[in-house]
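Here is how the chains run, residue by residue.
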Amino acid sequence: MTGHADGLAPETRAVALGRPPRTPGSAVNPPVELTSTHVTPGDFADGVPIYGRYTNATWAALEEVLGGLEHGRAVTFASGMAAGTALFALVPRGARVVMGETSYNAMLALARELDAVGDLRLTLVDVADTDAVRAALPGADWLLLESPTNPLLEVADLPALIAAARDADVRVGVDNTFATPLLQNPLDLGADVVLHSATKYLAGHSDVLLGALVTTDDALHERLVDHRTLRGAIPGPFEAWLALRGVRTLGVRLARQQETAAELARRLAEHPAVARVRYPGLPDDAGHAVAARTMRGFGAMVAIEPVGGREAATAVTQRVRLWTPATSLGGVESLIERRRRIPSEPTTVPEALLRLSVGLEDVEDLWRDLDAALG
Ligand SMILES: *Cc1c(COP(=O)(O)O)cnc(C)c1O
């Protein structure tokens, strides 16, 4: 399918791309290419595989799908944070980086570490405050956005912010993990690089860690491949195959998860034991207007703060029977987590905040379990 994806819906691309060439008797699925080295008699020949740290047929198939979904060229990595490390490696030494103050905790910790050793100069902003982000751009080199944010579900006005960054000659990276390529495509808006923790919705089954960067810029693509090759931040072939297997069903999974999340958010907003619900699909949510204008859906992540604070929140995670108390998100099984139990979680996240990753179980079963746990 390479090169023939134009005009196909993303749900179709997820299924149709990354397949072996159609010859009589050929396999429908790409192989898990488990080899560290390749037969290469004679001299170097362009395009002939040499070694497993440089190229792998299973990565290539997955990259064709992820590139097709995000409208660029994908490079896969060992995890989302390996992809994040490669993204920071694009930033020139000492450059100024503007980044969301409520970004994913490990991305924020890494940025702070790079700032502390002088590799970059970090300016933290509220990504939901478009004017504040714009004001931070003059003199900056990179703008790193995440939207919706993990776990506060704030929504950045990506079209406005990416346009402002381009006007100010600032390069843009967007962590699109929560939205997935089905809900927004930052490269189409002019972003330079998109990051995915494919561990989450793309692979979708909580059985693999994998990351990806996608770019339309051939020079950046080459630097990212070089980074992966020299630092050895490569995905395992089997992990790449699992992610490929998972991403085939992204369309139906996300559609169902999103529908269930919207229904649960509506009910939770009425629940007497819930003090606050964050979900961009709720009309009175702070991010609703921007999400409704810029995204093709509101996603399947919900955050709630039970009445009674931290203890009440912890008790909910101990009482659920169907929801699994665990970190991570985007899988087929519904997960619930009090984020601040993790010491590295930023204090911008309320102590009582429970992050809900809505899976594929029946909505009434999920509701009954949550309702009973909330008491
Ligand atoms: C999980 C996550 C990451 C990191 O990905 P890993 O696969 O865990 O390394 C980065 N960004 C966001 C938004 C995430 O949720």
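Computed from a predicted model, the values in this text were never measured in an experiment.

1. Overview of the sheet that holds strand 11 (residues 335–338)
Within the open sheet, the five strands sit side by side as 8-9-12-11-10. Their pairing is mixed. Among the strands making up the open sheet, the edge pair consists of strand 8 (274–278) and strand 10 (324–325). Where strand 11 meets strand 12 (residues 354–357), four bridges bridge the pair, whose relative direction is antiparallel. Paired with Glu337 across the bridge in strand 12 is Arg355.

2. Regarding the UniProt feature "modified residue: N6-(pyridoxal phosphate)lysine" (unreviewed entry) in the protein chain
The UniProt record annotates "modified residue: N6-(pyridoxal phosphate)lysine" (unreviewed entry) at Lys200. For Lys200, the location among the structural elements is in the loop between strand 6 (193–197) and strand 7 (211–215). Under the relative-accessibility criterion, Lys200 is labelled buried at 9%. Look past the residues within four positions of Lys200 in its chain and what remains in contact with it is Thr177, Ser328, Leu329 and Gly330.

3. Some words on the site of the ligand
In the region of the ligand, 13 residues are neighbours, and Met81, Asp175, Ser197, Thr199 and Lys200 sit closest. A distance of 2.8 Å separates an oxygen atom of the ligand from a polar atom in the side chain of Ser197. Between the ligand and the protein, one listed contact pairs an oxygen atom with a side-chain N or O atom of Lys200 at 2.8 Å. For the ligand, the accessible surface in isolation is 380 Å², of which the surrounding protein chains cover 94%.

4. Focus on the packing of aromatic side chains
Throughout the structure, instances matching the rule amount to two aromatic pairs. Ring geometry for Phe238 against Trp241: centres 6.2 Å apart, planes inclined by 10°, an arrangement best described as stacked. With Phe238 and Trp241 both in helix 9 (residues 237–247) and three residues apart, the pair spans about one turn of that helix. For Phe238, a relative accessible area of 42% gives the class partly exposed. Overall, Trp241 belongs to the partly exposed group, its relative accessible area being 22%.

5. Comments concerning the pairing of strand 5 (residues 171–175)
Burial within strand 5 is extensive, with four of its five residues counted as buried. Relative to strand 5, strand 4 (residues 142–146) is paired through five bridges, and the arrangement is parallel. Within the sheet, the bridge partner assigned to Leu143 lies in strand 5 and is Val172. Where strand 5 lies against strand 6, three bridges are found, and the strand directions are parallel. Bridging across to strand 6, Gly173 finds its partner in Val193.

6. Some details on the environment of Asp285
Locating Asp285 in the fold gives a position in the loop between strand 8 and helix 11 (288–294). Linking Asp285 and Ala111, residues 174 residues apart in sequence, is a C-alpha distance of 29 Å. Leave out the neighbours within four places in its chain, and Asp285 touches Val277, Arg278, Tyr279 and Pro280. Among the polar contacts listed, one links the side chain of Asp285 to the backbone nitrogen of Gly287, at a separation of 2.9 Å.

7. Considering the packing of helix 3 (residues 80–89) against helix 4 (residues 105–116)
Each packed pair of helices is defined by two parameters, the angle between the axes and the distance between the axes. Put simply, helix 3 and helix 4 touch, their axes get as near as 11 Å, and they point 35° apart. As for how helix 3 packs across helix 4, the hand of that crossing is right-handed. Listed contacts from helix 4 to Met81, Gly84, Thr85 and Phe88 of helix 3 are Ala106, Met107, Leu110, Ala111 and Leu114. For the contact of helix 3 with helix 4, the per-class residue count stands at seven nonpolar, two polar and no charged.

8. Structural notes on the environment of Leu110
One can find Leu110 in helix 4. Each C-alpha atom of the pair Leu110 and Gly84 lies 8.7 Å from the other, and the pair is 26 residues apart in sequence. Leave out the neighbours within four places in its chain, and Leu110 touches Met81, Gly84, Thr85 and Phe88.

9. Section: helix 13 (residues 363–374)
For helix 13, which comprises twelve residues, the first-to-last C-alpha distance of 16 Å matches the rise-based estimate of 16 Å (1.5 Å per residue) to within 8%. Looking at helix 13, one finds that the buried residues are Val363, Leu366, Trp367, Asp369, Leu370, Ala373 and Leu374. The buried side chains of helix 13 occupy one side of the element, clustering within an arc of 170° when seen end-on. With respect to the buried face of helix 13, the exposed residues turned more than 90 degrees away are Arg368 and Ala372. With a side-chain oxygen lying 3.0 Å from the backbone nitrogen of Glu364, the N-terminal cap of helix 13 falls on Asp362. Note on helix 13: the residue one or two positions beyond its end, Gly375, has a positive phi of about 75°.

10. So, the sheet that holds strand 5
Reading across from one edge, 1-7-6-5-4-2-3 is the order of the seven strands in this open sheet, with mixed pairing throughout. Strands with a single pairing partner mark the edges of an open sheet, and in this sheet they are strand 1 (73–77) and strand 3 (120–125). If you compare each strand with its neighbour and ignore which way they point, the axes differ by 20° on average. As judged from the three bridges shared by strand 2 (residues 95–100) and strand 4, these two strands associate in the parallel manner. Residue pairing across strands places Val98 opposite Leu143, the latter belonging to strand 4. Together, strand 1, strand 6 and strand 7 form the strand contacts of helix 2 (residues 57–70), whose direction differs from that of strand 1 by roughly 130°. Across the sheet, helix 4 is in contact with strand 2, strand 3 and strand 6; its angle to strand 3 comes to roughly 140°.

Scoring rules and cut-offs
- Residues numbered from 1 in each chain as written.
- Predicted model: local features only at pLDDT ≥ 70, side-chain atom pairs only at ≥ 80, totals over all residues.
- Heavy atoms only, no water.
- Pairing = 2+ DSSP bridges.
- Helix = DSSP H or I, 4+ residues; strand = E, 2+ residues; numbered from the N terminus.
- UniProt positions renumbered as here; feature names shortened; annotations may be inferred.
- Buried < 20%, exposed > 50% of the residue type's maximum accessible area, 1.4 Å probe, protein only.
- Contact = heavy atoms within 4.5 Å.
- Near = heavy atom within 4 Å.
- Polar contact = N/O pair within 3.5 Å; in protein donor to acceptor, adjacent residues only side chain to side chain.
- Areas by Shrake-Rupley, 256 points an atom, 1.4 Å probe, with all protein chains shown as cover.
- Phe/Tyr/Trp six-rings, centres within 6.5 Å; stacked < 30°, edge-to-face > 60°.
- Axes fitted to C-alpha atoms, helices over the stretch in contact; angles between N-to-C directions.
- Left-handed = near helix turned anticlockwise from the far one by under 90°.
- Nonpolar A, V, L, I, M, F, W, Y, C, P; charged D, E, K, R; others polar.
- Expected span 1.5 Å × (residues − 1).
- Arc of directions from axis to C-beta.

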